[in-house]
Amino acid sequence: MLPLRIKVNSFGAIPAVEIELTGISLASIIGPNGFGKSTLFTWAPLYALFGKTKNGCSVDDMVLKGQQDMLVQFDFEHQGIEYRVMRTRSLKGKGKSTLELQRLVDGRYESLSGATIAETEAKTRELLNLDANTFISSSMILQNDSANFTQKPPGERKAILTQILGLEVY
């Protein structure tokens, strides 16, 4: 998977931002604590793809204080095809979440979403051949968690590698 764009509105400490990542292979992100660097570059993709939030935080906690609606959009390329995942959360009424999975075809995004959020999450996991735990253990290093994969028991490391490499067919 190759990240292309991250767009957030009212997510964590970030009012609104869109970051274009196309063509960037190495970058350094510098700024004061609490301004949303980790939120934007680690939690936004994790939330968009898998619905995962910071430890100890509910989805509602991730909506910027004082706001009612949140959007996280993550565009990426996978196996030569561009995809977009968008999650929203509204605090209005009883609260409502949405999830949309799209594929770029002939310059337009077409929906690949299921009838429910759970179905769409399953389609995303199937597309990437990854779940949140495998993604965190193999592809993304969270702040203060660089040894996530190496500290797992041998059986869990084997399961992660089996999933990544598609060896479950054997």
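Keep in mind it's a predicted model, so treat the numbers as computed, not measured.

Glancing now at the environment of Met70. Here Met70 lies in strand S3 (residues 69-78). Exposure remark for Met70: the relative accessible area of 3% places this residue in the buried category. Taking C-alpha positions, Met70 is 5.0 Å from Ser10, a pair spaced 60 residues apart along the chain.

In this section: the packing of aromatic side chains. This structure, assessed with the given rule, holds three aromatic pairs. Between the aromatic rings of Phe11 and Tyr47, the centroid separation amounts to 5.7 Å while the plane-to-plane angle is 25 degrees, which identifies the pairing as stacked. One end of the pair, Phe11, is in strand S1 (residues 2-11); the other, Tyr47, is in helix H1 (residues 37-50), and 36 residues separate them in sequence. Judged on exposure class, the residue Phe11 and its partner Tyr47 are both buried. An angle of 25 degrees between the planes, with centres 5.6 Å apart, marks the rings of Phe74 and Phe76 as stacked.

What follows covers the nonpolar core. Val8, Phe11, Leu49, Phe50 and Val72 are the most contacted members of the largest nonpolar core, which totals 28 residues. Looking at this core, the elements that each hand over two or more residues are S1, H1, S3, strand S4 (81-90), strand S5 (96-105) and helix H3 (132-138). Looking at which element gives the most residues to this core, the answer is H1, with eight residues. If near-sequence neighbours (up to four positions away) are discounted, Leu49 is found in contact with Met1, Phe74, Phe76, Val85, Arg87, Thr124, Leu128 and Phe135.

Before going further, it helps to examine helix H2 (residues 117-128). The end-to-end C-alpha distance of H2 is 17 Å, a good match for the 16 Å that 12 residues give at a rise of 1.5 Å each. Taken residue by residue, H2 has Thr120, Glu121, Thr124 and Leu128 as its buried positions. Projected down its long axis, H2 shows its buried positions confined to an angular sector of 100 degrees, all on one face. On its buried side, H2 packs onto H1, S3, S4 and S5. A positive phi of about 55 degrees marks Asn129, the residue just after H2.

Conventions used here
Position labels on residues start from 1 in each chain and follow its written sequence. For this predicted model, a pLDDT threshold of at least 70 governs which residues receive local features, and a threshold of 80 or more governs which side-chain atom pairs are given and counted, while totals over whole chains, interfaces and linings are taken from all residues. Note that water and hydrogens are dropped before the side-chain values are worked out from all heavy atoms of the structure. Helix and strand definitions here come from DSSP, where helices need a minimum of 4 consecutive H or I residues and strands a minimum of 2 consecutive E residues; each element is numbered from the N-terminal end. Relative accessibility decides the category of a residue: with a 1.4 Å probe and only protein chains considered, values under 20% of the type maximum give buried, values over 50% give exposed, and everything between is partly exposed. Planes of paired rings set the category: under 30 degrees apart is stacked, over 60 is edge-to-face and the rest tilted, where pairs are Phe, Tyr or Trp rings (Trp by its six-membered ring) whose centres lie within 6.5 Å. Only buried Ala, Val, Leu, Ile, Met, Phe, Trp, Tyr and Cys residues count toward a nonpolar core, and they belong to the same one when joined by side-chain atoms within 4.5 Å. Every residue pair with non-hydrogen atoms within 4.5 Å of one another is taken to be in contact. Working rule for helices: expected span equals 1.5 Å times residues minus one. Read the arc as the range of directions from the helix axis to the C-beta atoms.

Just geometry here; none of it tells us what the structure is for.
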